[in-house]
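Each chain, letter by letter, is given below.
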Amino acid sequence: MRKHVTEKAVRSEKDSRERTGPLTFYRQVVAELRKVVWPTQQQLVTYFLVVLVFVLVMIAYVSLLDVAFGKAVFALFGD
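The rules we used
Residues numbered from 1 in each chain as written. Predicted model: local features only at pLDDT ≥ 70, side-chain atom pairs only at ≥ 80, totals over all residues. Heavy atoms only, no water. UniProt positions renumbered as here; feature names shortened; annotations may be inferred. Helix = DSSP H or I, 4+ residues; strand = E, 2+ residues; numbered from the N terminus. Expected span 1.5 Å × (residues − 1). Buried < 20%, exposed > 50% of the residue type's maximum accessible area, 1.4 Å probe, protein only. Salt bridge = Lys/Arg side-chain N within 4 Å of Asp/Glu carboxyl O. pLDDT = per-residue confidence, 0-100.

Identification of the protein chain as Protein translocase subunit SecE from Nocardioides aurantiacus is taken from an unreviewed UniProt entry. The UniProt entry for the protein chain carries the following comment under Function (unreviewed entry): "Essential subunit of the Sec protein translocation channel SecYEG. Clamps together the 2 halves of SecY. May contact the channel plug during translocation." Among the UniProt annotations of the protein chain, the heading Subunit (unreviewed entry) holds the following wording: "Component of the Sec protein translocase complex. Heterotrimer consisting of SecY, SecE and SecG subunits. The heterotrimers can form oligomers, although 1 heterotrimer is thought to be able to translocate proteins. Interacts with the ribosome. Interacts with SecDF, and other proteins may be involved. Interacts with SecA."

Student: What's the story with the overall build of the protein chain in this structure? I'm lost.
Tutor: Looking only at helices and strands, the protein chain has 3 helices and 0 strands in total. Start at the N end of the protein chain and walk to the C end: the helices and strands fall as α-α-α.

Student: Would you mind going over helix α2 (residues 22-35) with me for this structure?
Tutor: An α-helical turn contains 3.6 residues, so a residue and the one three or four places further along point in the same direction. Between its first and last C-alpha atoms α2 spans 20 Å; for 14 residues at 1.5 Å apiece the expected length is 20 Å, and the two agree. A small share of α2 lies buried, amounting to 0 of its 14 residues.

Student: What is the right way to look at helix α3 (residues 41-77) in this model?
Tutor: Taking 1.5 Å per residue, 37 residues should reach 54 Å; α3 reaches 53 Å between its end C-alpha atoms and fits that length. One or two residues past the end of α3 sits G78, with phi positive at roughly 80°.

Student: Mind showing me how you'd approach the UniProt feature "transmembrane region" (unreviewed entry) in the protein chain here?
Tutor: Residues given the UniProt feature "transmembrane region" (unreviewed entry) here are residues 44-64. Counted over residues 44-64, helix gives 100% and strand 0%. Its end C-alpha atoms are 30 Å apart.

Student: Quick question: what am I supposed to make of the pattern of salt bridges here?
Tutor: Here the idea is simple: oppositely charged side chains can pair when their charged atoms come close. A full pass over the atoms with the stated rule returns 1 salt bridge. Between E32 and K35 there is a salt bridge, with its nearest N and O atoms 3.1 Å apart. Residue E32 and its partner K35 are located together in helix α2, separated by 3 residues, close to a single helical turn. Looking at K35, the relative accessible area reads 59%, which means it is exposed.

Student: Any chance you could explain the confidence of the model for the protein chain here in plain terms?
Tutor: Low pLDDT means the predicted atomic positions in that stretch should not be read closely. On average, residues of the protein chain score 88 in pLDDT, and 78% of them are at 70 or above. Within the protein chain, α3 carries the highest mean pLDDT (97), whereas helix α1 (residues 7-17) carries the lowest (62).

In structure tokens, the structure reads:
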């Protein structure tokens, strides 16, 4: 079976093998950054607080597990 290859596919394959120059790369980076939807200050503060609370809860949970397992090991094997 023979695959049907379009001219566009051949062109894009050829283009993907060529190196991009620094100036073109920079322009592409700037173009992509313009597409980004940046959060507002209020959203940023909200996200920060949510992450902070989650991390503190996880620290407390892991600390409690550490203390519990430590006491269990000492109770099992003695001081």
